[in-house]
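# Close look at the chain arrangement
Take a look at the letters that make up each chain.
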Amino acid sequence: MAASSNRPSLSLPGSGGRSKEGILARVSNSAIVQSGTRAASSAAFVAKKLARSTGNAAWIAGTAFLVLCVPLIIVMDREQQLNELEMQQASLLGTPSFASSSAPPATK
């Protein structure tokens, strides 16, 4: 087998055969790739800030709900249970309903 030293080298048209840097290096130094890289970096920065501020807003809303609304819900539930218990006891003991107890007794 003969050595293949007479093989032509592959180069891009217009390079004149003197390709000191590879095609990947030339493409990565192009203006389009650099502007795309800057745009992706800016988009990542904005997305990170948006995620952080959304997380902060969710934390504030959740904490405010726990401090302000949960105690109110608990008190309202206790009041409803107390009303149901009174209604149940009234039906078992046979006490008159509220509407009939406020009416004056009929006299003949």
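Computed from a predicted model, the values in this text were never measured in an experiment.

Judged by side-chain polarity, Phe65, Leu66, Val67, Leu68 and Ile73 come together as a nonpolar surface patch covering roughly 540 Å² of accessible area. Inspection of the secondary structure puts isoleucine 73 in helix α2 (residues 31-93).

The end-to-end C-alpha distance of α2, which contains 63 residues, comes to 89 Å, matching closely the 93 Å that a straight helix rising 1.5 Å per residue would cover. The sharpest bend along α2 reaches about 35° and sits at cysteine 69, with the proline proline 71 one to four residues further on. Just downstream of α2 lies glycine 94, where phi reads positive at about 75°.

We now examine the UniProt feature "transmembrane region" (unreviewed entry) in the protein chain. What UniProt calls "transmembrane region" (unreviewed entry) maps, in this numbering, to residues 57-76. With 100% helix and 0% strand, residues 57-76 has end C-alpha atoms that lie 28 Å from one another.

Parameters and conventions
Residues numbered from 1 in each chain as written. Predicted model: local features only at pLDDT ≥ 70, side-chain atom pairs only at ≥ 80, totals over all residues. Heavy atoms only, no water. Patch = residues over 30% accessible without salt bridge, like charges linked within 9 Å, V, L, I, M, F, W, Y side chains within 5 Å. Areas by Shrake-Rupley, 256 points an atom, 1.4 Å probe, with all protein chains shown as cover. Salt bridge = Lys/Arg side-chain N within 4 Å of Asp/Glu carboxyl O. Helix = DSSP H or I, 4+ residues; strand = E, 2+ residues; numbered from the N terminus. Expected span 1.5 Å × (residues − 1). Bend = angle between axes of the 7 residues up to and from the residue. UniProt positions renumbered as here; feature names shortened; annotations may be inferred.

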